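# What the coordinates show
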Amino acid sequence: MSSSNLRIRRAAVLGAGVMGAQIAAHLVNAGIDTVLFDLPAKDGDPNGIVLKAIDNLRKLSPAPLADKSRAGAIVPANYDQNMGALKECDLIIEAIAERLDWKRDLYAKIAPFIGKEAVLASNTSGLSINSLADVLDASIHHRFCGVHFFNPPRYMHLVELIPCARTDAAVLEGLEAFLTTALGKGVVYARDTPNFIGNRIGVFSMLATMHHTEQFKLGFDVVDALTGPAIGRPKSATYRTADVVGLDTMAHVIKTMADTLPNDPWHDYFKPPVWLQALIDNGALGQKAGAGFFRKLGKDIQVLDLAKADYRLSDGKADDAVAAILKMKSPAERLGGLRASQDPQAQFLWAVFRDLFHYAAFHLADIASTARDVDFALRWGYGWSLGAFETWQASGWAQVASWISEDVAAGRAMSKAPLPAWASDAKRTGVHNAQGSYSPATDRYLPTSSAPVYKRQLFPESVIGTPVDKGKTIFENDDARLWNLGDDGIAILSFKTKMHTISAGVIDSIHRAVDEAERNFKGLVIWQDSEPFSAGADLSGAMTALQAGKVGDFDAMVNRFQQTSMRIKFSLVPVVCAIRGMAFGGGCEFQMHSARTVAALESYIGLVEAGVGLLPAGGGLKEIAIRAASNAVGGDVFTQLKSYFETVAMAKVSASALEAKEMGLLRPSDVVVFHTDELLYVAKNEANALAESGWRPPLPNRQITVAGDVGAATFRASLVNMAEGRFISAHDMEIASRIADTLCGGQVERGSMVDEQWLLDLERKHFVALGQMPKTQERIVTTLKTGKPLRN
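Structure report, in brief. Predicted model only: the values in this text are computed from it and were never measured.

### Quick word on the side chain of Ser-395
- Here Ser-395 lies in the loop between α16 (388-394) and α17 (397-409).
- Judged by relative accessible area, Ser-395 falls into the buried class, the value being 7%.
- At a separation of 2.8 Å, a polar atom in the side chain of Ser-395 contacts the main-chain carbonyl oxygen of Thr-391.
- If sequence neighbours within four positions are ignored, Ser-395 has contacts with Pro-331, Ala-332, Leu-335 and Val-400.

### What about the layout of surface pockets?
- Taken as a whole, the second largest pocket holds about 1100 Å³ of empty space.
- Around the second largest pocket, the lining is made up of 39 residues, and of these Ala-535, Gly-536, Ala-537, Asp-538 and Leu-539 lie nearest the centre.
- It is helix α21 (residues 551-569) that contributes the most residues to the lining of the second largest pocket, five residues altogether.
- Looking at the lining of the second largest pocket residue by residue, the class counts come to 22 nonpolar, eleven polar and six charged.

### Observations concerning the environment of Val-710
- Here Val-710 lies in helix α27 (residues 708-724).
- For Val-710, a relative accessible area of 38% translates into the label partly exposed.

### Regarding empty space enclosed by the protein
- Under the definition given, this model contains one cavity of 30 Å³ or more.
- The computed volume of the largest cavity comes to approximately 30 Å³.
- For the largest cavity, the full set of lining residues is Leu-91, Ile-93, Val-147, Phe-149, Leu-175, Phe-178, Leu-179 and Leu-183.
- Of all the elements in the fold, those that place two or more residues in the lining of the largest cavity are β4 (91-94), β6 (144-149) and α6 (169-182).

### Examining the pattern of salt bridges
- One pass over the full model with this rule turns up 46 salt bridges.
- Measuring nitrogen to oxygen at the nearest pair gives 2.9 Å for the salt bridge that ties Asp-407 to Arg-412.
- For Asp-407, a relative accessible area of 2% translates into the label buried.
- The partner of Lys-652 in a salt bridge is Glu-646, and the shortest N-O contact between them spans 2.5 Å.
- Glu-646 gets classed as partly exposed once you look at its relative accessible area, which sits at 38%.
- One network of salt bridges, with partners in common, ties together Arg-339, Arg-354, Asp-355, Glu-406, Asp-407 and Arg-412.

### Some thoughts on unusual backbone geometry
- Here the amide bond leading from Asn-151 into Pro-152 is cis, since omega sits at 0°, within 30 degrees of zero.
- Here the bond from Glu-531 into Pro-532 is cis, since omega is 0°, no more than 30 degrees from zero.
- Here Pro-532 lies in the loop between β18 (523-527) and α20 (539-547).
- Although it is not a glycine, Lys-217 adopts a positive phi angle of roughly 55°.
- Relative to the elements of secondary structure, Lys-217 occurs in the loop between α7 (198-215) and α8 (220-226).
- Since its relative accessible area comes to 71%, Lys-217 is described here as exposed.
- Of note in the backbone geometry, Ala-309 takes a positive phi value of approximately 55° without being a glycine.
- Relative to the assigned elements, Ala-309 resides in the loop between β10 (300-305) and β11 (310-313).
- With relative accessibility at 65%, the residue Ala-309 sits in the exposed group.

### A closer look at the environment of Leu-226
- Within the secondary structure, Leu-226 is located in helix α8.
- Given the relative accessible area of 0%, Leu-226 is considered buried.
- C-alpha separation for the pair Leu-226 and Gly-316, spaced 90 residues apart in sequence, amounts to 9.2 Å.
- Those residues in contact with Leu-226 that sit more than four places away from it in its chain are Leu-218, Ile-231, Ala-318, Val-322, Gln-345, Phe-348 and Leu-349.

### Describing the packing of helix α24 (residues 637-649) against helix α28 (residues 730-743)
- Their axes nearest at 10 Å, the elements α24 and α28 cross at an angle of 145°. Regarding α24 and α28, the two cross each other, and that crossing is right-handed. Mapping the contact onto sequence places Leu-641, Phe-645, Val-648 and Ala-649 in α24 and Ala-736, Ile-739, Ala-740 and Leu-743 in α28.
- Within the contact of α24 with α28, the residues separate by chemical class into eight nonpolar, no polar and no charged.

### Let's talk about the packing of helix α10 (residues 247-260) against helix α11 (residues 274-281)
- One can describe the packing of α10 onto α11 by two numbers: an axis separation of 9 Å at closest approach and a directional angle of 130°. Viewed along their axes, α10 and α11 adopt a mutual orientation that is oblique. The way α10 lies across α11 gives a crossing that is left-handed. Residue-level contacts link Leu-247, Asp-248, Ala-251 and Ile-254 of α10 to Leu-276, Leu-279 and Ile-280 of α11.
- The residue inventory of the contact of α10 with α11, partitioned by class, reads six nonpolar, no polar and one charged.

### Quick word on the packing of aromatic side chains
- Tallied over the full model, the rule gives 31 aromatic pairs.
- With centroids separated by 5.2 Å and ring planes inclined at 35°, the aromatic side chains of Trp-422 and Tyr-438 adopt a geometry described as tilted. On the criterion of sequence distance, the pair formed by Trp-422 in helix α18 (residues 421-424) and Tyr-438 in strand β13 (residues 436-439) is long-range, its members being 16 residues apart. In this pair, the class of Trp-422 matches that of Tyr-438, namely buried.

### Here's the deal with the sheet that holds β11
- Here we have three strands laid out as an open sheet, ordered β9-β10-β11, and antiparallel in their pairing. One side of each edge strand has no neighbouring strand; the edge strands of this open sheet are β9 (294-297) and β11. This sheet shows a mean twist of 40° between the axes of neighbouring strands, independent of strand direction.

### Quick look at helix α13 (residues 331-340)
- Listed in full, the buried residues belonging to α13 are Leu-335, Gly-336, Gly-337, Leu-338 and Arg-339.
- On its buried side, α13 packs onto α12 (320-326), α14 (344-367) and α17.

### Some details on α6
- Spanning 14 residues, α6 covers 19 Å between terminal C-alpha atoms, matching the ideal 20 Å at 1.5 Å per step.
- Along α6, the positions that sit buried rather than exposed are Ala-170, Val-171, Leu-172, Gly-174, Leu-175, Glu-176, Phe-178, Leu-179 and Thr-180.
- On its buried face, α6 is in contact with α1 (18-29), β4, β5 (119-122), β6, β7 (158-163) and β8 (186-189).
- N-cap assignment for α6: the residue whose side-chain oxygen lies 2.8 Å from the backbone N of Ala-170 is Asp-168.

### Regarding the sheet that holds β6
- Read from one edge of the open sheet, eight strands run β3-β2-β1-β4-β5-β6-β7-β8, paired in mixed fashion. Two strands lie at the open edges of the sheet, namely β3 (74-78) and β8, each paired on one side alone. Between one strand axis and the next, the sheet turns through 25° on average, direction left out of account.
- Pairing of β5 with β6, which is carried by three bridges, proceeds in the parallel orientation. Its bridge partner lying in β6, Ala-121 is registered against Cys-145.
- Its contacts with the sheet place α1 against β1 (10-14), β2 (33-38), β3, β4 and β6, and it is angled at close to 170° to β2.

What counts, and at which threshold
- Residues numbered from 1 in each chain as written.
- Predicted model: local features only at pLDDT ≥ 70, side-chain atom pairs only at ≥ 80, totals over all residues.
- Heavy atoms only, no water.
- Helix = DSSP H or I, 4+ residues; strand = E, 2+ residues; numbered from the N terminus.
- Buried < 20%, exposed > 50% of the residue type's maximum accessible area, 1.4 Å probe, protein only.
- Polar contact = N/O pair within 3.5 Å; in protein donor to acceptor, adjacent residues only side chain to side chain.
- Contact = heavy atoms within 4.5 Å.
- 1 Å grid on protein atoms, 1.4 Å probe; cavity = no way out; pocket = protein on both sides within 12 Å on 5 of 7 lines; lining within 4 Å.
- Points joined across faces, edges and corners; volume = space filled by probe spheres on them.
- Nonpolar A, V, L, I, M, F, W, Y, C, P; charged D, E, K, R; others polar.
- Salt bridge = Lys/Arg side-chain N within 4 Å of Asp/Glu carboxyl O.
- Axes fitted to C-alpha atoms, helices over the stretch in contact; angles between N-to-C directions.
- Left-handed = near helix turned anticlockwise from the far one by under 90°.
- Parallel < 35°, antiparallel > 145°, perpendicular 65-115°, else oblique.
- Phe/Tyr/Trp six-rings, centres within 6.5 Å; stacked < 30°, edge-to-face > 60°.
- Pairing = 2+ DSSP bridges.
- Expected span 1.5 Å × (residues − 1).

Spelled out as structure tokens, the structure:
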């Protein structure tokens, strides 16, 4: 089997528990025909256990399904009646409970039904892959491995790929390509050691944090204030993460480490602290039980106070002196400042970092091929902004190494084990450089994988010290940059504004970019080098004009915005929008006018202007009217507009690119990409394909059938009921009425024909009128100040 011919038409997931069901959900997100197995139910439908799990997928938050209708695509099955279905599966993922004996029993049962070319993989989070392989026939060994998803599988980027002793390299490469492109994952190869890479280092970091919490007598809320965003970690920090994971689950993972790593120099710490065990014994298992380290009482978040043996209001924060150290720009100054400070919080943080670095360096050779694998595992599996080795390198490798050795010698570190010779080398400046990342096994710096799948990632996620080719600049200003990469004739426009908002400078740059592309390129891609695509129009300029009473200037700004959308739509070369993250307001409208949109699965798209007291006026409502007219059956435009009206009036945002298609904000021809790092590659190819197929912009649409005054009146009638029921305010009704009027083509007869400019003029008229209203201005000012909407 070569990596290029590993084709997954149908997959099976064994085990309909939390992880198994969500893995199945993500497979159907990706369009993979998926069978979900579990034990037969004792009563009722034999597939009852699986059917209940599938139903539960619709209720989970965050949503495992990118489009809830896809739940119906998962085929329920049980081990007694449906084993024959396995024969048709190209990939079988086992995801039952973490019991070696149970897994082996299941493998023995399914072995006769595994297809001759099928790949079998275990989603174990830490059991030995080679021990699991022992029960399998030798003919299956070359296509068996571990494939460890992190929870929740749709959202967590990391998948660890763990070969057994005889796994075929081509199988691994093919599976890596499938996981990367089809499922959008970041793949890290791990050695077959307990807990692999992510959990081995990540759980140790939590254990070290717990140990030092006790040592420095800090509150759990204080520790979370110190170990979250303040040091580049998720908001859930340490103890809130433990509550979400489940304290019983946490204890099980710790026990696995204790049972499977008896010779680890840190083994004495592989046990739950007394207070963690007490919480478990009392049934306070975290979020699922309503209480753990934290609990919610009304609107208050409370934290367990060990001294009082009771909960109190959670109000812990970093001491001012420590907060000042953490705000230092230089990583070396930050870590040095923490070590030098006498503040217990600073000493706590230094100790946590020191023991993390020590443990990761000591075990690197055992668990991974390179330091890059460890850093990616922590970033992708635990949400850290920098991995352990990246943080160490940024802080000054040799200096930090000498401090660690000093603390080890003085008995201050958690283990007396010395740093490996490679780590304590005084000449070492780090583990990542232009050549690659350090590998203790080879004593060399190894480059990133050269597998074909990574050629699709033009700007792959990289570790610190990696050089990046930023392409050739065509023009650049404070708001945007036009550039190209390679010689494929496709220009790329990237915004430079905060949240990639659409300023006057961005609008001017779009016009200039289209002009340049029409003269010298085959196509243009609008792509940002980070999320979001765009948070929408920059409202601060609009507010300045309104507050100064310059209504004419305000009107001209809106007109310029509309003409920018039309410039995109009628460009003589295809303009492709490449979206990831938010595409709100004007950002959504620009992609609606593009020749094609290529959207990452995790794209959150919406016309949200109603939230700030306005309506979409960059051509978004006009495009909706066109789409409704073209999809109308028997001239019934109003029926097509119903769901659109609700979407815009309620400022709904899609929960995924797939849902955006269902909402009609993306077109059927638009492309959904699962791996965000492949977005630019696919967008450039789409632009190139459109150009090569003889691209011509659409003809101006001069015959758009509209729902007219009758349609607008029908929408307004429904709004009256909502206003009387106090579901919407009077100003909400004003906004929604103007949205309805625009979508329906204004005060014309039902079935009338209008052109695009007519609809743009309606948009602009209502937008300018709303902008002058005090309640709209209150909403805009509140949003600009707080980032949150005001309902008035």
